[in-house]
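Observations on chain architecture
Listed below are the residues making up each chain.
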Amino acid sequence: TTLKCYKLQAELQLNRSKRKRGRLYKEAEKLWKVGHNQPKECIPLFNILEDSGRISIQDRWDRIDLAMEKGNLSLASFLARDFNTRDKRLLDLWKKVHSKPEDLFRTRQVKRDTQTIRKIIQHGIKRLARRDAERARTQWIKYSRRYSFSTDEKGAIERYIALRAAYQLHPDASEWLQNVGRKWVNGGVREWRVRTALRGEDWETIRKSLRQLKPYERKEVKWRYWMARADEKLGKESSARTAFEEIAEQTNYYGFLAADRLRLPYS
């Protein structure tokens, strides 16, 4: 990163072509718009960006969002050094919500429906979900109706809460994971759908969740084993035995479990 900053700074000093400088500015912006502190050697390059008017107030808020996601409150404060009083108060609220998300529900500062307010709400809901997924979900239902969150924002938050519920062994986690919209289903959702169903010994849901895995995921020995167990429980004994025989040839944990099912010696 240090060398990239030196290189871009030198090229901006040497090039006067408008098109070339525009490309260089865009490369510099990518180095600037991150949630962590960059090396001090990048400061001259970032000063050039600011002097050229390439960094707007909204750009600062976007980077503050990245910094807050990383828990980098000092960087967020630095980026807000030239903000007006109202915006500084918003950042102060954001930092409070980061440490104590319950403060979000007691403040009147989030009355307006703006992009920054919505970012603060999402941040607070996610921070709360880390401790109490059920309470976060209850609050999110209220906020999602009152504010103009995009479909993507809603999908991402609902996925986050469902996954946190799964980590916390919440009794409704399986249902919430199944309700995550297809567009927002990722590897974590697919895996925890299986895990929560296994915890409840819901063999129909286990089989359904295993079939929802991507083909390359289903090839993993652990999921092949659990598909065989589901088949066994659901009366598909022939396919279960065939799978157990194949898995039992492997020298690993699931190979040993499969051998146990068939009372075979370990490979």
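Above this note sits the structure.
All values derive from a computational prediction rather than experimental measurement.

Once that is clear, we can look at the overall build of the protein chain. From N to C terminus, the protein chain includes 16 helices and 0 strands. Taken along its principal axes, the extent of the C-alpha atoms in the protein chain is 75 × 50 × 25 Å. Scored against the burial criterion, the 267 residues of the protein chain give a buried share of 42%. In the protein chain, of all internal contacts separated by at least 6 residues, the share reaching a separation of at least 24 is 53%. Counting 61 positive and 36 negative side-chain charges, the protein chain places the averaged centre of each group 5 Å from the other.

Right, let's get into the pattern of salt bridges. Inspection of every chain in the model, using the stated rule, returns 24 salt bridges. For R106, the salt bridge goes to D103, with nearest N and O atoms at 2.9 Å. Here R106 falls in the exposed class, since its relative accessible area comes to 56%. We note a salt bridge from E232 to R229, for which the minimum N-O separation is 3.4 Å. Of this pair, E232 and R229 are both found in helix α14 (residues 221-233), 3 residues apart, which corresponds to roughly one turn of the helix. When salt bridges with common partners are traced through the structure, they connect E191, R195, E220 and K222 into a single cluster.

It is worth spelling out the nonpolar core at this point. Ranked by size, the top nonpolar core spans 55 residues in total, and within it L45, I64, I121, I125 and I161 carry the most contacts. Aside from chain neighbours lying at most four places away, what touches I125 is F105, A136, Q139, W140, Y143, I157 and I161.

Moving on, we get to helix α2 (residues 18-32). Here α2 spans 21 Å end to end across 15 residues, near enough to the 21 Å set by a 1.5 Å rise per residue. Of the positions making up α2, those classed as buried are R21, L24, Y25, A28, L31 and W32. The buried residues of α2 occupy an angular sector of 110 degrees when the element is viewed end-on, so they sit on one face. Opposite the packed face of α2, turned more than 90 degrees from it, sit the exposed residues R19, K26 and K30. Against the buried residues of α2 lie α1 (2-14), α3 (43-51), α4 (57-69) and α5 (73-79).

Once that is clear, we can look at the environment of L24. Secondary-structure assignment places L24 in helix α2. Through-space distance from the C-alpha of L24 to that of R135 is 46 Å; in sequence the pair is 111 residues apart. With residues near it in sequence (within four places) discarded, L24 still touches L8, E11, L12 and N15.

Glancing now at the packing of α14 against helix α15 (residues 237-247). Between α14 and α15, the shortest axis-to-axis distance is 8 Å and the interhelical angle comes to 150 degrees. Classified by the interaxial angle, the pair formed by α14 and α15 is roughly antiparallel. Crossing of α14 against α15: the hand is left-handed. Side by side, α14 and α15 meet where V221, R224, Y225, A228, R229, D231 and E232 of the first sit next to E237, S239, A240, A243, F244, E246 and I247 of the second. Class assignment of the residues belonging to the contact of α14 with α15 gives a composition of 7 nonpolar, 1 polar and 6 charged.

Moving on, we come to the environment of V110. Within the secondary structure, V110 sits in the loop between α6 (85-99) and α7 (115-129). By relative accessible area, V110 is classed as buried at 4%. Along the primary structure V110 and W32 are separated by 78 residues, whereas in three dimensions their C-alpha atoms are 28 Å apart. With sequence-adjacent residues up to four places away left out, V110 is seen in contact with L93, L104, I117 and Y147.

Reading the values: the criteria
- Residues numbered from 1 in each chain as written.
- Predicted model: local features only at pLDDT ≥ 70, side-chain atom pairs only at ≥ 80, totals over all residues.
- Heavy atoms only, no water.
- Helix = DSSP H or I, 4+ residues; strand = E, 2+ residues; numbered from the N terminus.
- Buried < 20%, exposed > 50% of the residue type's maximum accessible area, 1.4 Å probe, protein only.
- Contact = heavy atoms within 4.5 Å.
- Lys, Arg positive; Asp, Glu negative; His and termini not counted.
- Charge placed at Lys NZ, Arg CZ, Asp CG, Glu CD.
- Salt bridge = Lys/Arg side-chain N within 4 Å of Asp/Glu carboxyl O.
- Core = buried A, V, L, I, M, F, W, Y, C linked by side-chain atoms within 4.5 Å.
- Expected span 1.5 Å × (residues − 1).
- Arc of directions from axis to C-beta.
- Axes fitted to C-alpha atoms, helices over the stretch in contact; angles between N-to-C directions.
- Parallel < 35°, antiparallel > 145°, perpendicular 65-115°, else oblique.
- Left-handed = near helix turned anticlockwise from the far one by under 90°.
- Nonpolar A, V, L, I, M, F, W, Y, C, P; charged D, E, K, R; others polar.

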